[in-house]
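Here is how the chains run, residue by residue.
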Amino acid sequence: MKTRSYSHLIIPFSILIHLIIINGTLFIMTPDTYVIFSSIVFYNVSWLIITHSLNFYPTARREKFMTNIKKMFYLYIIYGLAYFSWFAFSGIQPEYIQYHILIYLIICALLTLYRWIFFMFIRNYRLSGGNYLNVVVIGRDKNLKKIRKVFDNAYFGYRYCGFFDDKPSESPTYLGEIFDCFKYIIDNNVDEVYCTAAKLSKSELQNLINFADNNLIKLKIIPDNKDIFTTAMTVQKYDNIPVLDVRTVPLDADFGRTAKRVFDVVFSSIVILTLLSWLVPLLYVIIKLESPGPLFFRQKRHGLKRQAFNCIKFRSMTCNGDANTKMATKNDMRITRIGKILRKTSIDELPQFFNVFVGDMSVVGPRPHMEQHTTDYEISVDKYLVRHFVKPGITGLAQIKGYRGEIIKPSDILNRIRLDILYVEKWSFLLDFKIILLTVFNAISGEEKAY
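Rules of the game
Here the residue numbers are simple positions, counted from 1 along each chain's written sequence. In keeping with the model being predicted, local features are shown solely for residues with a pLDDT of at least 70 and side-chain atom pairs are shown and tallied solely at 80 or more, while totals for entire chains, interfaces and linings include all residues. To get the side-chain values, all heavy atoms of the structure are used, and hydrogens and water are removed first. Here the term buried applies to any residue with accessible area under 20% of the maximum for its type, exposed to any over 50%, and partly exposed to those in between, with areas from a 1.4 Å probe on protein chains only. Helical segments are the DSSP runs of H or I of at least four residues, strand segments are the runs of E of at least two, and each set is numbered from the N terminus. Any two strands are treated as partners once DSSP identifies two or more bridges connecting them. Crossover handedness is defined by viewing with both strands directed away from the observer: a clockwise path from the first strand over the helix to the second marks the crossover as right-handed. Angles shown run from 0 to 180 degrees and are taken between the N-to-C directions of axes, each axis being a line fitted to C-alpha atoms and, for helices, limited to the stretch in contact. The cut-offs work like this: below 35 degrees is roughly parallel, past 145 is roughly antiparallel, 65 to 115 is roughly perpendicular, and the gaps in between are oblique. Helix crossings are classified by the rotation of the near helix relative to the far one: an anticlockwise turn of less than a right angle makes the crossing left-handed, while a clockwise turn makes it right-handed. Should any heavy atoms of two residues lie within 4.5 Å, those residues are counted as being in contact. Like-charged residues are merged into a patch within 9 Å and nonpolar side chains (Val, Leu, Ile, Met, Phe, Trp, Tyr) within 5 Å, provided each residue has over 30% relative accessible area and no salt bridge. Surface exposure here means Shrake-Rupley accessible area, sampled with a 1.4 Å probe, where a residue is shielded only by the protein chains that are shown. Salt bridge, as applied in this entry: a Lys or Arg side-chain nitrogen positioned within 4 Å of an Asp or Glu carboxyl oxygen. Note on charges: Lys and Arg go in the positive column, Asp and Glu in the negative column, and His and the chain ends are not counted at all. Throughout, a charge is located at the NZ atom of Lys, the CZ atom of Arg, the CG atom of Asp or the CD atom of Glu. When residues are sorted by character, Ala, Val, Leu, Ile, Met, Phe, Trp, Tyr, Cys and Pro go into the nonpolar class, Asp, Glu, Lys and Arg into the charged class, and all the rest, Gly among them, into the polar class. Expected helix span is given by 1.5 Å per residue-to-residue step, counting one fewer step than there are residues. Bend is the name given here to the angle between axes fitted to two runs of seven residues, the run ending at a residue and the run starting at it.

Before going further, it helps to spend a moment on the pairing of strand β2 (residues 158-164). Successive side chains on a regular strand alternate, one facing one side of the sheet and the next facing the other. With five of seven residues buried, β2 is to be regarded as a mostly interior element. Where strand β1 (residues 133-138) lies against β2, six bridges are found, and the strand directions are parallel. When the sheet's bridge partners are listed, N134 is paired in β2 with R159. Each parallel crossover has a hand, and the one from β1 via helix α6 (residues 143-151) to β2 is right-handed.

What follows is about the environment of I394. For I394, the location among the structural elements is in strand β11 (residues 393-395). Accessibility expressed as a relative area gives 14% for I394, which makes it buried. In sequence terms I394 and A109 are 285 residues apart; their C-alpha atoms lie 32 Å from each other.

A few words now on the packing of helix α3 (residues 37-53) against helix α4 (residues 69-90). Close contact between α3 and α4 brings their axes to 10 Å; oriented N to C, the two are set at 155°. Compared by their axis directions, α3 and α4 come out roughly antiparallel. The interaxial crossing formed by α3 with α4 has right-handed handedness. Contacts between α3 and α4 involve S38, S39, F42, Y43, S46, W47, I50 and T51 from the former and L75, I78, Y79, A82, Y83, W86 and F87 from the latter.

A cluster of basic residues, R140, K145, K146, K149, K167 and K199, forms a positive patch on the protein surface. Locating K199 in the fold gives a position in the loop between β4 (192-196) and α8 (202-214). Residue classification places K199 among the partly exposed residues on the basis of a relative accessible area of 40%.

Contact geometry of helix α1 (residues 10-29) with helix α5 (residues 97-127) gives a least axis separation of 10 Å together with a crossing angle of 150°. Between α1 and α5, the crossing angle belongs to the class labelled roughly antiparallel. Like other packed secondary-structure pairs, α1 and α5 cross with a definite hand, here right-handed. Contact with α1, carried on its side by I10, F13, S14, I17, H18, I21, I22, T25, L26 and M29, involves Y99, I103, I106, I107, L110, L111, Y114, F118 and I122 of α5 and no other residues of that element. Its residues assigned to classes, the contact of α1 with α5 shows 16 nonpolar, three polar and no charged.

Here the focus is helix α9 (residues 254-290). Look at α9: only 47 Å from first C-alpha to last across 37 residues, short of the 54 Å you get at 1.5 Å a residue. Its maximal kink placed at L276, α9 deviates by approximately 50°.

So, on to the side chain of R387. Checked against the element boundaries, R387 lands in the loop between α12 (371-380) and β11. With a relative accessible area of 3%, R387 lands in the buried category. If we skip the residues at most four places from it in the chain, R387 touches P366, R367, H369, I417, D420 and V424.

Our next topic: unusual backbone geometry. One non-glycine residue, K305, adopts positive backbone phi at about 55°. When you line up the elements, K305 lands in the loop between β8 (296-302) and β9 (308-314). Notably, S346 is not glycine yet its phi reads approximately 65°, a positive angle. Judged by its relative accessible area of 19%, S346 is buried.

There is a patch of nonpolar side chains on the surface, built from W278, L282, Y284, V285, I286 and L289 and spanning about 620 Å² of accessible area. Tracing the chain through its elements places L282 in helix α9. On the accessibility criterion, L282 (43% relative accessible area) is partly exposed.

Spelled out as structure tokens, the structure:
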């Protein structure tokens, strides 16, 4: 006999706890700006509107603490903007704005702590046998082993009963032919049925759909994937037709793309005003004294959608005819004395913040390659052009992992592209911040291939 499920109470309970945390913290720590009717209404209604807009609360059974962590940070940023904008619109003048920043950080910390406790409770509850679902699979193909890995993870709360297939099997989880599934599902309180579309005829599939609908059983269909499924694939609906999007890029979303662009403009503006404003004239004198030629080195490189743009760097070499075809190598005679310092510390890359400001580049992304290399690698390296689904960056995931500079052996470019594609598929603000911090650390400590 199954235990009663209270999963329908999870969302209302979480909303209640979140509002208690917000209202309780504000009431205790800042009653002077909180105990006003309009403020109380605003803090609660804005939270509900923002979480609804982000679709924050609906949780899947396979969700873990880190699954939607990106959405949680979006929520904190947007609600934080709403929280502080209320002071401007309401006319309330807090005595110390720094104190309210601290309060908001405490609220975010408490909300995150609750999220961690919530998922730890769910995990332990399911491991102890609660909140589980009985599942069976109808039709056996190569996907069965893959989906079994999900079912066998006790954290998710599935209880895999076995599979049905018209081809007999000696597997201990083989339950019989497809026709036998109907009685078994009823007799064993099966909650969800997973069927492989390629193994069923249209009539068999329709019978399963009718049976599931008439017996309050959830039916899930595994499409015939032709071995094309990837981690970047999503399902979209065009009217009632499911369409597989083979290459889903997080930065295609309006919010992510806009937020990243705002960050790029703000960050590049700070660097230009506080650093490049005095570094440019200083290096102009130093570079000119050592070798004739311009301060900046401009090179055509490929960026978003393979569009060419002028990538700007401080000139670190003597003027030469190989600059647009030959990468810098170790002990390269073209590199000047000041150029060695600039390249070792990555200072030569700083003018690219002008590229970021005008929108050709981003602070973080796959490094842009010169046109000649793009032409060569798009033919010789599989999936090379996937990196051009996003803007190129001053620094990137491949660079902090050591794959920068000269290509010495084939694995160098293969690993670089692998990490670039991983960044394209897994982009998040948290990942960007991590890359920026590690870039600064590597620049200070020195890198082996920074020459």
